[in-house]
Amino acid sequence: MNGWRTLFPNALYIAVREYRSRVIGRTFAIGTVFLAVLIFSGTQLPILIDYLQGNSQTRMEVLVNAQSVPADWRETLDLVLNGAPSASNPRPSWVITPVTGTPDRAQQDLESGKFGALMTIDRDASGKLTFTIRADWSPDGRNAGYIKNAVQLLAIEDQGHLTLSDVTAPVALRLLPVNPQDGPTSLPKSTSQEVSSILVSTVLVVMIFMAIITYGTWVAMSVAEEKGSRVMELMLNATTPLQMLTGKVIGNGAAGLTQYGVVIAAAAIGTVAQGPIRRLVLPDSGGSSTFEGLTPAVLAAFLILFLLGFLLYSLLYAALGSLVSRQEDVQSATSPLMMIIMVGYFAAALGPDIVGEQGMAIMSQVPFFSPYVMLRRVAEGTVAPWEFGLAVVLLLVSIGIALFAAARIYSAGVLLYGQRASLREVMKAARVSR
Amino acid sequence: MALILDSVAKRFGDVQALDGISLQIEPGVVFGFLGANGAGKTTAMRIVLDILRPDSGTITWSGRSNTELPRETWGYLPEERGLYAKMNVLDQLVFFAKLHGVKPREARREAFEWLERFRIPEYANRRAESLSKGNQQKIQFIAAVLHDPQVLLMDEPFTGLDPVNVALLKEAFLEIKNRGKTLIFSTHQMETVEELCESLAILDRGRIAVQGTVRGVRASTGRQVVRLAIDGDPEIAWLETIDGLKVTRRGQDYTEAELERNRDPYLVLQAALSRNLRVRHFEIADPSLEEVFISHVGRIDDSERRLAPRAVHA
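Described below are features of the structure shown in this document. (Residues numbered from 1 in each chain as written. Chains lettered and ligands numbered in written order. Predicted model: local features only at pLDDT ≥ 70, side-chain atom pairs only at ≥ 80, totals over all residues.)

1. Things to note about unusual backbone geometry
All names here are of chain B.
Inference 1: Even without being glycine, Ser62 reaches a positive phi, approximately 55°.
Inference 2: Summarising the element assignment, Ser62 is placed in the loop between strand S4 (56-61) and strand S5 (64-65).
Inference 3: We note that Arg205 has phi near 45°; this positive angle belongs to a residue other than glycine. (Helix = DSSP H or I, 4+ residues; strand = E, 2+ residues; numbered from the N terminus.)

2. What to know about the pairing of strand S4 (residues 129-135) of chain A
Residues and elements named next belong to chain A.
Inference 1: For strand S3 (residues 117-123) and S4, the ladder comprises seven bridges, and the chain directions are antiparallel. Residue pairing in the sheet places Met119 in a bridge with Ile133 of S4.
Inference 2: Following S3, the chain reverses through five residues before pairing antiparallel with S4; Gly127 in that reversal takes a positive phi of roughly 90°.
Inference 3: Where S4 and strand S5 (residues 172-177) come together, six bridges link them in parallel fashion. Along S5, the bridge assignment pairs Arg134 with Leu176. (Pairing = 2+ DSSP bridges.)

3. Regarding the interface of chain B and chain A
Inference 1: In this assembly, 26 residues from chain B lie in contact with 18 residues from chain A.
Inference 2: Element by element, the count of residues in the side of chain B that touches chain A is highest for helix H2 (residues 89-99) of chain B, at four residues.
Inference 3: When its residues are assigned to classes, the side of chain B that touches chain A shows 14 nonpolar, four polar and eight charged. (Contact = placed C-beta atoms within 7 Å. Nonpolar A, V, L, I, M, F, W, Y, C, P; charged D, E, K, R; others polar.)

4. Digging into the sheet that holds strand S10 (residues 207-213) of chain B
Either a parallel or an antiparallel arrangement is found when strands of a sheet pair, and the pairing is made through backbone hydrogen bonds.
All names here are of chain B.
Inference 1: Read from one edge of the open sheet, six strands run S6-S7-S8-S3-S9-S10, paired in mixed fashion. In this open sheet, the two strands that pair with only one neighbour each are strand S6 (74-77) and S10. Averaged over all adjacent pairs, the angle separating strand axes in this sheet is 15°, with direction ignored.
Inference 2: Inspection of the sheet shows S6 paired to strand S7 (residues 151-155) by four bridges, in the parallel sense. In the strand pairing of S7, Leu77 is matched with Met154.
Inference 3: Relative to S6, helix H4 (residues 133-145) is tilted by about 165°, and along the sheet it contacts S6 and S7. (Axes fitted to C-alpha atoms, helices over the stretch in contact; angles between N-to-C directions.)

5. Points about the sheet that holds S3 of chain A
Residue and element names in this part refer to chain A.
Inference 1: On the basis of which strands lie adjacent, the open sheet formed by five strands has the order S2-S1-S3-S4-S5 and mixed pairing. Both edges of this open sheet fall to strand S2 (94-98) and S5, since each of them pairs with a single strand only. When strand polarity is set aside, the average angle formed by the axes of neighbouring strands in this sheet is 20°.

6. Notes on the nonpolar core
Inference 1: Core analysis: the biggest nonpolar cluster contains 153 residues, and Ile208, Ala318 and Leu375 of chain A together with Leu93, Leu146 and Leu153 of chain B have the highest contact counts within it.
Inference 2: Here the element with the most residues in this core is helix H8 (residues 191-228) of chain A; it accounts for 15 residues.
Inference 3: With residues near it in sequence (within four places) discarded, Leu375 of chain A still touches Leu204, Val205, Ile208, Ala301, Phe302, Leu305 and Ala348 of chain A.
Inference 4: Val99, Met119, Ile147 and Leu154 of chain A belong to the second-largest nonpolar core, a separate cluster that totals 20 residues. (Core = buried A, V, L, I, M, F, W, Y, C linked by C-beta atoms within 7 Å. Buried ≥ 20, exposed ≤ 12 C-beta atoms within 10 Å, placed from the backbone.)

Below, the structure is given as structure tokens:
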């Protein structure tokens, strides 16, 4: 293999050619626009969910333990939480009723789901009102804003006079889960919160999954195309298999990154636009617009795993692509690889509920699965730094091995024409090829 | 300085593609590779180019092993023509030249020169797929020579070209030869070899049947050809009765016969004269390359041979 010493500049020329021919095509433009639109819409999903939930109704019972609470507390809460009744929204979001039975009974009813939330109003030692809400969701976005406003107004009303500090000082408001035995931290997330954090890890995993399949197939296609059109024979004299392999992986990878750059830009714009769009769709929401869990660390992990995963798989795609003579055969030739990709993807998609924590930890170290499984674990925040480092090292090592193996298979495969070569033939050819 | 193949052998499964061939090709010559389909011509070329590695044997050019020589030493026109279909002609010519280390500007200039020579400069900015097969073949030829290789190997360069383009390609051959380069090509067309080549080798099932200069090869069978025309007797039926003589062609102009080794062709003339016949034409010649080829290899186009296992041969 005299190619190891002289990888560049030929690999670069090949990469540039691959990149150009890939990006110029109409398929590339259409695919990019489609993905960008898809991802932009995805970022608006939490708004849609909030919008749909806006039409649902929550029953909240209120238990007043404090003495001399303003008599119109019910009207105050109702007004702030539901706003003035209007024709456009005749059905109020909240139904506020005082607890009729004993407190224990109210708690039982809450736990059995007879109503959605239980508010308790107490008075602390300094004489200020305190509020506790037990609910099976954590009020966020528009609900949180409303509730805060409502209890604040009630507190001010209770004091009977208004100073600036009253308005700005936080009112004692505790949000607790339904069951008193559950700590405050285990409060379940609201639907839109949950959706956005699932979105982040799911979307990132799906993006890696799609990238590896799509861009890996590009590599295999371009190998098969050169073989099919017989340009390969000219190329073989002009370059070494290793140069071709490297150039193709870099060129197609760069084209893939270009596409993903556009997609990620669309996602960023979508996230930034969430605020304005939310205000447009839900004018009276205080809404937070960031994605839960989309931290710089997760993004960095995504980029690293994306690149390494693509490198590993695309080398194998190139090797398998070299075994067929026509582009139509690429699909069937690369199906074994597809299976491996699927296993990793489904493990990451199903998560610890199916695979188990132990299984996830192990799979996140196996090079073929780690791009997905490790990413999900990173997004969930259940990974120690050394675990991530080990996975990266293992990926790098296996990329080295894959490069060597792929170059052997490739240099043998590109000269095999006719029916699809069996693995044995290829191994035999690989042993004697340069 | 020569290109030397020393006992090169290569086996694909059951087929012994090359069975220890040794060749010496002097620099600056035009060398022809003749052989039936599957005789091992393409394999031999690929091995010289270090695209395939031989099972045994060595290849050297100017004393250096082909595994150590830079790739730009060689130019290669493969038998299977192919270009990047969607890429325009000039771009791909420059691309291939760049891969061989030619500077882009120089490559463009050279490419235009060659396009002019082949009378297709207007195709420079056309996509390859829009060109006719013959024109694509010319582009491929340009791709093979653009980096000015020392040795140019061409697999069936004339196949599929019309007579005008064949003439253009022959001119290009001369141009490259005049630059002092070595040309090696395989073909089925004996006349082309006789016209262009200084030396040749006939390959038969992985072995070299005969090699040498064109004259040497034609004389190699030791047989002689006699052409005879007699007034008033186009058939010359009595010719067959001569011992060691085989009539190979009966035409209105003359009858051609082949004499076995060591037979004196003048016996034929004597026989005619002794019959008091009026001899209009008498000629002694070496057998044509085609006849030499057939006597060494059998039929010219014997495509079944490519699958012949070694056992049958040995």
